[in-house]
Amino acid sequence: MPELPEVETVARGLKAQLCGRTLGNVHLMRSDTVHGEPGPLCAMIRGRTVRRVHRRGKRVVIELTGGCELIIHLGMSGQLTVVPAGAPVGTHTHLRIVIPAADRELRYRDPRRFGGVWLLAGGPTHIGRRLSSLGREPLELTLPEFRSLLRRRRQIKALLLDQSVISGLGNIYCDEALYRARIHPLASADRLRIDRVRGLLQAIRRVLRSAIRARGSSVRDYRDAGGAEGGYQRQHQVYGREGRPCPRCRTGIVRILVAGRSTHICPRCQQRRTRPAAT
Ligand SMILES: [Zn+2]
């Protein structure tokens, strides 16, 4: 599933191609792809110009003139690309938006259909309220803020995955950050000592920034806005490496289940410790 670094890479790629462009005709192949405003998508966005493209959590946000936003969640397998207008239309392409002046199209493809497109109107304040359930951006958190988010009696990985607490981390980057911070994913968040909390925040920042630099991880379907694969999967130290040696201590990486999710750890580097509650 695309996480923060993949969605950031897609948003940056789209920004370069879409900002200042006016949208033309819309071809919607599956109407259940679009949610939000009840009006027909074509009538709502045709003739509007793209003001800004950015990322919020795991969503791509395309701001249009006239107080309108397209918010795209890539789900498990969504791809958002800008291609020449005449390029063959691949299977599972659910939406095409023509960019007439560039002779190109924005295409949304999603074989597994866990993602979708939300059209929101009514200006930034109204739209902000509809997105208010999203948690904090991990790259913007200070140590005191992160520490206060962790003051909950929950397994640390389950807490990091909770998008209403922190928005953008998924299975890959949780596993990689917890490994680098040497924290067991089942450790209770409120029992981590301050030095461990600091180490975890640093690990999250480092992993996310390195992954953005490598243009994300292509494990299955992920492609950037130009259709290219990311490269961070080659830097994974635990995720998807079950049975292979830990890069630090050579112990075999094992796969366990945490919060219903497949989780990769080094059983030697990430031992469970029992400590009194942090004060
Ligand atoms: Zn190890």
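Residues numbered from 1 in each chain as written. Predicted model: local features only at pLDDT ≥ 70, side-chain atom pairs only at ≥ 80, totals over all residues. Heavy atoms only, no water.

A.B. asks: Hey, could you run me through the packing of helix H6 (residues 171-180) against helix H7 (residues 194-213) in this one?
C.D. replies: For any two helices packed against each other, the geometry comes down to the angle between their axes and how far apart the axes lie. It is the contact of H6 with H7, at a shortest axis distance of 8 Å, that shows an interaxial angle of 130°. By the angle class used here, H6 and H7 are oblique. Between H6 and H7 lies a crossing whose hand is right-handed. Taken together, the residues of H7 that come into contact with H6 (itself represented by Tyr173, Glu176, Ala177, Leu178 and Arg180) are Leu200, Ala203, Ile204, Val207, Leu208 and Ala211. (Axes fitted to C-alpha atoms, helices over the stretch in contact; angles between N-to-C directions. Helix = DSSP H or I, 4+ residues; strand = E, 2+ residues; numbered from the N terminus. Parallel < 35°, antiparallel > 145°, perpendicular 65-115°, else oblique. Left-handed = near helix turned anticlockwise from the far one by under 90°. Contact = heavy atoms within 4.5 Å.)

A.B. asks: Teacher, can you tell me more about the side chain of Ser167 here?
C.D. replies: Looking at the element boundaries, Ser167 is found in the loop between helix H5 (156-161) and H6. Under the relative-accessibility criterion, Ser167 is labelled buried at 0%. Other than its neighbours up to four places away in sequence, Ser167 contacts Leu4, Arg56, Gly57, Lys58, Leu134, Gly135, Arg136, Glu137 and Pro138. (Buried < 20%, exposed > 50% of the residue type's maximum accessible area, 1.4 Å probe, protein only.)

A.B. asks: Any chance you could explain the sheet that holds strand S1 (residues 26-28) here in plain terms?
C.D. replies: The strands making up a sheet are joined through hydrogen bonds of the backbone, oriented either antiparallel or parallel. Ordered by their spatial adjacency, four strands build an open sheet running S1-S7-S8-S6, and the pairing between neighbours is antiparallel. The outermost strands of the open sheet, each flanked by one partner alone, are S1 and strand S6 (79-84). With direction set aside, neighbouring strand axes in the sheet form an average angle of 15°. One ladder, built from six bridges, connects S6 with strand S8 (residues 104-109); its direction is antiparallel. Bridge pairing links Leu80 to Tyr108 in S8. Packed onto the sheet, helix H1 (residues 4-18) meets S6, strand S7 (93-99) and S8 and runs at close to 30° relative to S6. (Pairing = 2+ DSSP bridges.)

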